[in-house]
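# Fold and geometry: a report
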Amino acid sequence: MSKAKKPQVMKPATAAQKLDVYLPATPREFQDRLVSRDELDELQRNPPQWLVELRRDGPHPRNVVAARLRVSNSGLARGGVTEALTTEQIAALAADPPEWLVHERESFAEVRREQHRLQERRA
């Protein structure tokens, strides 16, 4: 006889990371409990209203901010962006990019081109 499997659970921070949301912006009930793998899958399949709004309007975690601005996480730090940004703040930065953002985008694009070139060379 085999024992019934215990469901895998994760900390709220891990679940928020997998959902690409900023943990402090999630509802208190999400932050205060462990999330099972099944619950996470259900949140991804059928996101509740708070998750839809959070993904759309933010605040967004650093990795999402960096991706939307087309820079690295390190580039954000070098630019002085240390807190989560909303979609509106990201759009304002993208519409009128400061000098650091222009420089970081160029640097990031160069790194990506080099990675792509090396990948093609290996293939």
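That block above? That's the structure.
Residues numbered from 1 in each chain as written. Predicted model: local features only at pLDDT ≥ 70, side-chain atom pairs only at ≥ 80, totals over all residues. Heavy atoms only, no water.

### Points about the nonpolar core
Test applied: Residues enter a nonpolar core if they are buried and are Ala, Val, Leu, Ile, Met, Phe, Trp, Tyr or Cys, with the set joined through side-chain atoms within 4.5 Å. Burial status follows relative accessibility: with a 1.4 Å probe on protein chains alone, a residue under 20% of its type maximum counts as buried, one over 50% as exposed, and anything between as partly exposed. The way it works is that DSSP assigns letters per residue, a run of H or I at least four long becomes a helix, a run of E at least two long becomes a strand, and they are numbered from the N terminus.
If you look at the biggest cluster of nonpolar residues, it comprises eleven residues: M10, A15, A16, L19, V21, F30, V35, L40, L43, L51 and L54. It is helix α1 (residues 12–19) that contributes the most residues to this core, three residues altogether. Core analysis: the second largest hydrophobic core is formed by ten residues, V65, A66, L69 and L101 among them.

### Focus on the pattern of salt bridges
Cut-off, in case you're wondering: What counts as a salt bridge is simple: a side-chain nitrogen of Lys or Arg found within 4 Å of a carboxyl oxygen of Asp or Glu.
Counting across every chain of the model gives seven salt bridges. We note a salt bridge from R45 to E42, for which the minimum N-O separation is 3.1 Å. Separated by three residues within a single helix, R45 and E42 lie in helix α3 (residues 37–45), roughly one turn from each other. R78 is paired through a salt bridge with E104; the nearest N and O atoms lie 2.9 Å apart. Placement of the pair is R78 in helix α6 (residues 73–78) and E104 in helix α8 (residues 99–122), with a sequence separation of 26 residues. The exposure class assigned to E104 is buried, which follows from its relative accessible area of 8%.

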